[in-house]
Amino acid sequence: MSRTGPRIGLLGGSFNPAHGGHRRVSLFAKEALGLDEVWWLVSPGNPLKPKKGMAPLAARVAAATAQAKRAPIRVTAIERELGTRYTVDTLRAITNRFPKRRFVWLMGADNLAQFHLWRDWRGIARRMPIAVIARPGYDAEAVASPAMAWLRRFQRPLSSFRNGGEWSAPALVTLRFDPDPRSATAIRRADPDWASRHAGFSPRDQVTHRLIPAREETTT
Ligand SMILES: Nc1ncnc2c1ncn2[C@@H]1O[C@H](COP(=O)(O)OP(=O)(O)OP(=O)(O)O)[C@@H](O)[C@H]1O
Ligand SMILES: O=C(O)c1ccc[n+]([C@@H]2O[C@H](COP(=O)([O-])O)[C@@H](O)[C@H]2O)c1
């Protein structure tokens, strides 16, 4: 299927909590890749991360919404609505739901280093291009990672993504810019009570439907 509509970067994450690094790399990726928007997919629960120390989804969405203010970033809890937990399932559902858009999966180099542990990671790479954002302390690990051994053959120059270029997959582009050292781990270390302070946050109900992009027509 040919996708010619708006270009969307998807940044999935725990956002526990969201920080300026998320915002900055999203804006950078938007410019570098010529995207129309970046959607943050605030995860109900990363399958590889412990639940302990994780603030409730609603608290993380609220903090992400504040962090994304006045930026072309849409904060969603779409995995909650879709009932998906694994990225491969989420991306299948999103591409089916928004057939007119073109998507690129964004992730930091720390996630590329672990990507081979994700469910059907090759399936993710086949579904949409991947843009990896350099991250201090992780780039060497990412380059040497098992997933990279397979993805390397699909590496594309940044120029192939810009100016209406064809977005075939698998494709891997590396985004290098002034690396941003911020991390949620550092924030939690400085403020160990962050998650417990929000433990009672909006305990009821789903995170609210207005955070979820409206369903589009399913015909192209
Ligand atoms: N400073 C950064 N530079 C590049 N990518 C980043 C940066 N911070 C977060 N990311 C990326 O954003 C996505 C969501 O990140 P996440 O919510 O896990 O934040 P984090 O700071 O990595 O959290 P933690 O320290 O708890 O692992 C991931 O793909 C991650 O690699
Ligand atoms: O699908 C998987 O197996 C999988 C394993 C680990 C992480 N992920 C996704 O990777 C994204 C980044 O997660 P995190 O916790 O590093 O911010 C987030 O969208 C997770 O759901 C997905």
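Residues numbered from 1 in each chain as written. Chains lettered and ligands numbered in written order. Predicted model: local features only at pLDDT ≥ 70, side-chain atom pairs only at ≥ 80, totals over all residues.

Under the annotation held in an unreviewed UniProt entry, the protein chain carries the name Probable nicotinate-nucleotide adenylyltransferase and is attributed to Qipengyuania aurantiaca. Looking at the Catalytic activity (unreviewed entry) heading of the UniProt record, one finds this comment for the protein chain: "nicotinate beta-D-ribonucleotide + ATP + H(+) = deamido-NAD(+) + diphosphate". As recorded by UniProt, the Function (unreviewed entry) comment attached to the protein chain reads in full: "Catalyzes the reversible adenylation of nicotinate mononucleotide (NaMN) to nicotinic acid adenine dinucleotide (NaAD)." (UniProt positions renumbered as here; feature names shortened; annotations may be inferred.)

**Some words on the overall build of the protein chain**
Counting its regular elements, the protein chain contains 10 helices and six strands. Across the 220 residues of the protein chain, 37% fall into the buried class. When contacts within the protein chain are restricted to residue pairs at least 6 apart in sequence, long-range pairs at least 24 apart make up 80% of them. (Helix = DSSP H or I, 4+ residues; strand = E, 2+ residues; numbered from the N terminus. Buried ≥ 20, exposed ≤ 12 C-beta atoms within 10 Å, placed from the backbone. Contact = placed C-beta atoms within 7 Å.)

**So, the site of ligand 1**
Taken together, 19 residues surround ligand 1, and among them Gly13, Gly21, Gly108, Ala184 and Thr185 come closest. Of all the elements in the fold, those that place two or more residues in the shell around ligand 1 are strand S1 (7-13), helix H1 (20-33), strand S4 (102-108), helix H5 (109-114) and helix H9 (184-190). With three residues, the top contributor of residues to the shell around ligand 1 is H1. Residue composition of the shell around ligand 1, by class: six nonpolar, nine polar and four charged. (Near = placed C-beta within 6 Å. Nonpolar A, V, L, I, M, F, W, Y, C, P; charged D, E, K, R; others polar.)

**Description of the nonpolar core**
Within the largest apolar cluster, 55 residues are counted, with the highest numbers of intra-cluster contacts made by Trp40, Val42, Ala64, Trp105, Leu106, Ala131 and Val132. Per element, the largest residue contribution to this core is seven residues, and it comes from helix H2 (residues 57-67). Aside from chain neighbours lying at most four places away, what touches Ala131 is Ala29, Leu33, Val104, Leu106, Val173 and Leu175. (Core = buried A, V, L, I, M, F, W, Y, C linked by C-beta atoms within 7 Å.)

**Describing the site of ligand 2**
The local shell around ligand 2 holds 15 residues, among which Gly12, Gly13, Ser14, Asn46 and Trp118 are the closest. Taken together, the elements giving at least two residues each to the shell around ligand 2 come down to S1 and helix H4 (87-97). The residue inventory of the shell around ligand 2, partitioned by class, reads six nonpolar, seven polar and two charged.

**Observations regarding the sheet that holds strand S2 (residues 37-42)**
The sheet built from six strands is open, its strands ordered S3-S2-S1-S4-S5-S6 with parallel pairing. Two strands in the sheet have a free side with no partner beyond their single neighbour: strand S3 (73-76) and strand S6 (172-175). Pairs of neighbouring strands in the sheet enclose a mean axial angle of 25°, with direction left out of account. Direction of pairing for S4 relative to strand S5 (residues 130-133): parallel, over a ladder of four bridges. Within the sheet, the bridge partner assigned to Trp105 lies in S5 and is Ile130. Contacting S1, S2, S3, S4, S5 and S6, H1 runs over the sheet at an angle of about 155° to S1. Docked against the sheet, H2 engages S2 and S3, running at close to 155° with respect to S2. (Pairing = 2+ DSSP bridges. Axes fitted to C-alpha atoms, helices over the stretch in contact; angles between N-to-C directions.)

**Considerations on H4**
Every buried residue of H4 is listed here: Thr87, Thr90, Leu91 and Ile94. All buried residues of H4 project into a common sector of 95° when viewed along the axis, lining one side. Lining the buried residues of H4 we find S1, S2, helix H3 (78-82), S4 and helix H6 (121-127). (Arc of directions from axis to C-beta.)

**Side note on the environment of His198**
Position of His198 among the secondary structure elements: in the segment after helix H10 (194-197). Of the residues examined, His198 has 19 C-beta atoms within 10 Å and is grouped as partly exposed. It is 8.8 Å that separates the C-alpha atoms of His198 and Arg60, two residues lying 138 residues apart in sequence. Every residue in contact with His198, bar those within four places of it in the chain, is listed here: Ala55, Pro56 and Ala59.

**Focus: the pairing of S2**
Within S2, five of the six residues are buried, which leaves the element mostly enclosed by the surrounding structure. As paired elements, S1 and S2 share six bridges and run parallel to each other. Counted as the bridge partner of Leu10 is Trp39 from S2. Once you follow S1 into H1 and on to S2, the crossover reads as right-handed. In the sheet, S2 pairs with S3 via four bridges, with the strands oriented parallel. Residue pairing across strands places Trp40 opposite Val75, the latter belonging to S3. Read from S2 through H2 to S3, the crossover connection turns out right-handed. (Right-handed = clockwise from strand over helix to strand, strands pointing away.)

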